[in-house]
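This is what each chain is made of:
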Amino acid sequence: MTIQDDTSKYLPLTEATYYIMLTLIEPLHGYAVMQRVEQISQGTVKVGPGTLYGVFDTLEKAGLIVMAKEESRRKSYTLTPKGKIVLASQIKRLEIMTNNGIAAMNQLK
Amino acid sequence: MGKTTVTKFRWFWAWQDEAEENWLEKMSKKGYHLSSVGLPCFYTFSIAKPRNYAYRLDYQMFRKKDKGECLQLFRDAGWEHIGEMSAWQYFRKEAKPGEPTEIFTDVESKIAKYKRVLAFLGFFYLILMTLIFTQRLPHTLSDDPYPWWGNIPQAIIVLVLIFFIYAIIKLTIRIRQLRKTVR
C-alpha cells in the first residue's frame, strides 16, 4: 500500500483539525495554535484547549504531526511528510467544493 | 469566625457532566467555590464572596509525562486546574463577557471525551466478567459442597456489573445524540 492510499482514511478533516494542521506548517505550541487559528479563520473557528489537546493526541498517534521542541512544558508540533500529504488532499477536496459552489452561484444569478 | 470550607457529597453519572458543571457554577454564585476534589463524590468548597465562574470537566487518564503539557495548555488559555476525581479533570475560569468559556469547541471532541470514558468502562466490564468466571470455576472442579455464603461476593460483582452495563448503555445513547447534531 502506498502512502497515498493510506491517507484517504483521515479525510475529510474536521474544520478544527484542518485549521490546526494549517498552522503546523511551522513548529508551534498549543496556545499559539489556538490564537493563530482564530486569527487566520477571521474568528469563524475557535478551538478550545480540550479540543486542541485531543486533536494533537490523535494526529501524533496517526503520525501526521511530530513534536519539534519542548520548552517549559510547552510542546511544539509540526507536520510530518505524511501529514503534509493528508493536508494537501484535504485542500484539493475543498478546492473542488468551492469551485462547485462558485459554479452553482453563477447559475443562480 | 465560621467555617471556611465545606464538603458536600453528590453523585453524578458520567453523562451528566454538564449538570455537574451547572451545579458547580451555581455553588460559586452562592459563594461556595470548589477548592478540591479527590475521593469520588466528595466536593470541598471554600467559602468566599460569590463569583461568576465557569466550570468545565475533561476526562483524561494521563501518562505522567503528558499531564504537564495538557495542564500548561489549559493554563495558557486561562483555565485553572482544580483537581482530578477518577480521571475527571476539573477546570475553572472566571466567566467574562466576550471570553470563550468552552474547552470543547466541536461535537467531535465532545464525542471523543465520552468515548474515553466508555473505553475505561468497557475495560472494567471485561475484568468483572473474568472475575465471575474464575470465581465459579474452583467450586465446580472440587467435590466440596458449595457454601451459601460463597454466593455473596458473586452477587456483589453481578450488581456492579449491572451498574456498568447501565452506564455503558446510557453513554452510548449520549454519543448517538451528539452524532445526530453533526452536520
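Sequence order as written defines residue numbering, which begins from 1 separately in each chain. Lettering for chains starts from A, numbering for ligands starts from 1, and both go in the order in which the items are written. Restriction of local features to residues with pLDDT of at least 70 applies here, the model being predicted, together with a cutoff of 80 or more for giving and counting side-chain atom pairs; totals for whole chains, interfaces and linings are based on all residues.

### Some remarks on the overall build of chain B
We apply this condition: Numbering of helices and strands starts at the N terminus; helices are DSSP runs of H or I of at least 4 residues and strands are runs of E of at least 2. Using C-beta atoms placed from the backbone, we call a residue buried if 20 or more other C-beta atoms fall within 10 Å of its own, exposed if 12 or fewer do, and partly exposed for counts in between. C-beta atoms are placed from the backbone for every residue, and two residues are taken to be in contact when these atoms lie within 7 Å.
In terms of helices and strands, chain B carries four helices and six strands. Helices (α) and strands (β) of chain B occur, in sequence order from the N terminus, as β-α-β-β-β-α-β-β-α-α. Across the 183 residues that make up chain B, the buried fraction comes to 19%. Expressed as a percentage of contacts within chain B between residues at least 6 apart in sequence, the contacts between residues at least 24 apart total 67%.

### Considerations on unusual backbone geometry
Residue Leu11 of chain A is joined to Pro12 of chain A through a cis peptide bond whose omega torsion reads -5 degrees. Within the fold, Pro12 of chain A resides in the loop between helix H1 (3-7) and helix H2 (15-23). One non-glycine residue, Ala87 of chain B, lies in the positive phi region at around 70 degrees. Residue placement: Ala87 of chain B occurs in the loop between strand E5 (80-85) and strand E6 (88-94). The partly exposed category is assigned to Ala87 of chain B, around which 13 C-beta atoms lie within 10 Å.

### As for the confidence of the model for chain B
Note the threshold: A residue's pLDDT is the confidence the predictor assigns to it, expressed on a 0 to 100 scale.
Of the residues in chain B, 89% have a pLDDT of 70 or more, and the chain-wide mean is 89. Both scores are available for the predicted complex, with the pTM at 0.88 and the ipTM at 0.90.

### Some words on the sheet that holds strand E1 (residues 28-29) of chain A
All names here are of chain A. Stated formally: Two strands are counted as paired when DSSP detects at least two bridges linking them.
Pairing in this open sheet of three strands is antiparallel, and the strands run E1-E3-E2 from one edge to the other. Each having just a single partner strand, E1 and strand E2 (65-71) make up the two edges of the open sheet. Looking at chain direction, E2 and strand E3 (residues 74-79) are connected through six bridges and run antiparallel. Paired with Val66 across the bridge in E3 is Thr78.

### What to know about helix H3 (residues 30-40) of chain A
In an α-helix there are 3.6 residues to a turn, and that puts residues three or four apart on one side. What counts is decided by this rule: Working note: the arc is built from the helix axis to C-beta atom directions.
Along H3 of chain A, the residues that are buried comprise Gly30, Val33, Met34 and Val37 of chain A. All buried residues of H3 of chain A fall inside an arc of 100 degrees around its axis, so they share one side. Tucked inside the fold, the buried residues of H3 of chain A contact H2, E1, helix H4 (49-61) and E3 of chain A together with helix H2 (64-76) of chain B. Downstream of H3 of chain A by one or two residues, Gln42 of chain A has phi in the positive range, about 55 degrees.

### A closer look at the interface of chain B and chain A
How big an interface is tends to be stated in terms of the accessible area lost upon association of its parts. The condition is simple: Under the scheme applied, nonpolar residues are Ala, Val, Leu, Ile, Met, Phe, Trp, Tyr, Cys and Pro; charged residues are Asp, Glu, Lys and Arg; polar residues are all the others, including Gly.
Contact residues are listed per partner, giving 19 residues for chain B and 17 residues for chain A. Of the residues belonging to the side of chain B that touches chain A, the class tally is nine nonpolar, four polar and six charged.

### Notes on the pairing of strand E3 (residues 42-47) of chain B
All names here are of chain B. The pairing of strand E1 (residues 5-9) with E3 spans five bridges and is antiparallel. Its bridge partner being in E3, Lys8 is matched across the sheet by Tyr43. Count of turn residues in the strand E2 (residues 32-37)/E3 antiparallel hairpin: four residues, of which Cys41 carries a positive phi of about 75 degrees.

### Looking at the domain arrangement of chain B
All names here are of chain B. Quick note on the threshold: Domain boundaries shown here were taken from an automatic or database domain assignment.
Taken as a whole, chain B is organised into domain 1 (5-94) and domain 2 (107-180). Taking only C-alpha atoms, the centre of domain 1 and the centre of domain 2 are 27 Å apart. Contacts between the two partners involve seven residues from domain 1, matched on the other side by eight residues from domain 2.

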